[in-house]
Amino acid sequence: MKRYNVRPSKAISLMGFCVGLAMSVIGFVFLIGMIASGVWPVALFLLVWIAGAVSITVLHGKNAFGKKGVPIEHIEFEDTEAVSFDDELRKLKKLLDDGIISQSDFDKKKQEILNKV
(Lines give C-alpha, C1' and ligand atoms only; values in the text may rest on other atoms or scores of the structure.)
Protein backbone atom coordinates (compact mmCIF):
# COMPACT_ATOMS: atom_id res chain seq x y z
CA MET A 1 0.00 0.00 0.00
CA LYS A 2 1.36 3.41 -0.98
CA ARG A 3 0.84 6.47 1.19
CA TYR A 4 0.86 10.02 -0.12
CA ASN A 5 0.95 13.20 1.95
CA VAL A 6 -1.20 16.06 0.72
CA ARG A 7 -0.12 19.62 1.46
CA PRO A 8 -1.77 22.91 0.54
CA SER A 9 -0.08 24.95 -2.19
CA LYS A 10 2.39 27.70 -1.27
CA ALA A 11 -0.15 30.37 -2.28
CA ILE A 12 -2.91 28.91 -0.10
CA SER A 13 -0.48 28.52 2.79
CA LEU A 14 0.69 32.12 2.41
CA MET A 15 -2.92 33.31 2.49
CA GLY A 16 -3.60 31.14 5.58
CA PHE A 17 -0.48 32.54 7.22
CA CYS A 18 -1.56 36.15 6.60
CA VAL A 19 -5.14 35.52 7.80
CA GLY A 20 -3.87 33.71 10.91
CA LEU A 21 -1.47 36.55 11.64
CA ALA A 22 -4.24 39.14 11.24
CA MET A 23 -6.58 37.15 13.52
CA SER A 24 -3.80 36.85 16.11
CA VAL A 25 -3.20 40.61 16.10
CA ILE A 26 -6.94 41.32 16.32
CA GLY A 27 -7.19 38.90 19.24
CA PHE A 28 -4.29 40.53 21.08
CA VAL A 29 -5.73 44.03 20.60
CA PHE A 30 -9.14 43.01 21.93
CA LEU A 31 -7.53 40.99 24.74
CA ILE A 32 -5.67 44.04 26.00
CA GLY A 33 -8.91 46.05 25.90
CA MET A 34 -10.89 43.37 27.75
CA ILE A 35 -8.24 42.97 30.45
CA ALA A 36 -8.05 46.74 30.92
CA SER A 37 -11.83 46.98 31.32
CA GLY A 38 -12.01 43.87 33.55
CA VAL A 39 -14.27 41.73 31.33
CA TRP A 40 -12.68 38.37 32.17
CA PRO A 41 -15.10 35.95 30.43
CA VAL A 42 -14.45 37.67 27.12
CA ALA A 43 -10.71 37.73 27.88
CA LEU A 44 -10.73 33.95 28.38
CA PHE A 45 -12.54 33.49 25.06
CA LEU A 46 -9.95 35.70 23.39
CA LEU A 47 -7.14 33.54 24.79
CA VAL A 48 -8.71 30.52 23.07
CA TRP A 49 -9.17 32.63 19.91
CA ILE A 50 -5.50 33.66 19.95
CA ALA A 51 -4.32 30.07 20.53
CA GLY A 52 -6.27 28.91 17.48
CA ALA A 53 -5.08 31.80 15.34
CA VAL A 54 -1.44 31.27 16.34
CA SER A 55 -1.65 27.54 15.56
CA ILE A 56 -3.12 28.31 12.12
CA THR A 57 -0.37 30.86 11.53
CA VAL A 58 2.38 28.41 12.51
CA LEU A 59 0.94 25.56 10.41
CA HIS A 60 0.57 27.68 7.29
CA GLY A 61 3.88 29.43 7.93
CA LYS A 62 5.69 26.08 7.86
CA ASN A 63 3.97 25.20 4.58
CA ALA A 64 4.49 28.63 3.00
CA PHE A 65 8.11 29.20 3.97
CA GLY A 66 9.48 25.72 4.74
CA LYS A 67 10.81 23.19 2.28
CA LYS A 68 9.14 20.12 3.77
CA GLY A 69 5.84 21.50 5.03
CA VAL A 70 3.14 19.91 7.14
CA PRO A 71 0.73 17.48 5.47
CA ILE A 72 -2.94 18.15 6.07
CA GLU A 73 -4.15 14.80 4.78
CA HIS A 74 -2.79 11.31 4.10
CA ILE A 75 -4.10 9.23 1.21
CA GLU A 76 -3.40 5.51 0.90
CA PHE A 77 -3.58 3.54 -2.34
CA GLU A 78 -3.45 -0.20 -2.71
CA ASP A 79 -0.75 -1.49 -4.99
CA THR A 80 -2.79 -2.79 -7.93
CA GLU A 81 0.00 -3.36 -10.42
CA ALA A 82 -0.83 -7.07 -10.93
CA VAL A 83 -4.48 -6.26 -11.60
CA SER A 84 -3.65 -3.41 -13.95
CA PHE A 85 -1.27 -5.68 -15.89
CA ASP A 86 -4.12 -8.12 -16.45
CA ASP A 87 -6.55 -5.33 -17.30
CA GLU A 88 -4.15 -3.75 -19.77
CA LEU A 89 -3.83 -6.98 -21.73
CA ARG A 90 -7.60 -7.50 -21.76
CA LYS A 91 -8.24 -3.94 -22.96
CA LEU A 92 -5.59 -4.32 -25.62
CA LYS A 93 -7.15 -7.58 -26.84
CA LYS A 94 -10.58 -5.90 -27.00
CA LEU A 95 -9.09 -3.10 -29.14
CA LEU A 96 -7.68 -5.73 -31.49
CA ASP A 97 -10.97 -7.66 -31.63
CA ASP A 98 -12.91 -4.46 -32.35
CA GLY A 99 -10.54 -3.64 -35.21
CA ILE A 100 -9.34 -0.41 -33.62
CA ILE A 101 -5.68 -1.45 -33.68
CA SER A 102 -3.78 -3.72 -36.05
CA GLN A 103 -2.14 -7.03 -35.17
CA SER A 104 1.32 -5.47 -35.36
CA ASP A 105 0.27 -2.66 -32.99
CA PHE A 106 -1.22 -5.27 -30.66
CA ASP A 107 1.98 -7.36 -30.69
CA LYS A 108 4.17 -4.33 -30.08
CA LYS A 109 2.08 -3.02 -27.17
CA LYS A 110 1.69 -6.52 -25.70
CA GLN A 111 5.46 -6.92 -25.67
CA GLU A 112 5.83 -3.53 -23.90
CA ILE A 113 3.35 -4.65 -21.23
CA LEU A 114 5.08 -8.00 -20.80
CA ASN A 115 8.45 -6.29 -20.46
CA LYS A 116 7.15 -4.27 -17.50
CA VAL A 117 6.58 -7.46 -15.56
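Just so you know, these numbers come straight off a predicted model, no measurement behind them.

S.K.: Tell me what's going on with the overall build of the chain, and back it up with residues and numbers.
M.R.: Scanning the chain for helices and strands turns up four helices and two strands. Against the globule reference of 13 Å for 117 residues, the chain gives a C-alpha radius of gyration of 28 Å, more extended than a compact globule. Across its three principal axes, the chain shows a C-alpha extent of roughly 85 × 25 × 20 Å. Per-residue burial for the chain yields a buried fraction of 17% across its 117 residues. Counting only contacts in the chain whose residues sit at least 6 apart along the sequence, the fraction spanning at least 24 positions is 68%. Treating the 15 positive side-chain charges of the chain as one cloud and the 13 negative ones as another, the clouds have centres 10 Å apart.

Rules used in this analysis
Residues numbered from 1 in each chain as written. Predicted model: local features only at pLDDT ≥ 70, side-chain atom pairs only at ≥ 80, totals over all residues. Heavy atoms only, no water. Helix = DSSP H or I, 4+ residues; strand = E, 2+ residues; numbered from the N terminus. Rg over C-alpha atoms; globule rule 2.2 N^0.38 Å. Buried < 20%, exposed > 50% of the residue type's maximum accessible area, 1.4 Å probe, protein only. Contact = heavy atoms within 4.5 Å. Lys, Arg positive; Asp, Glu negative; His and termini not counted. Charge placed at Lys NZ, Arg CZ, Asp CG, Glu CD.

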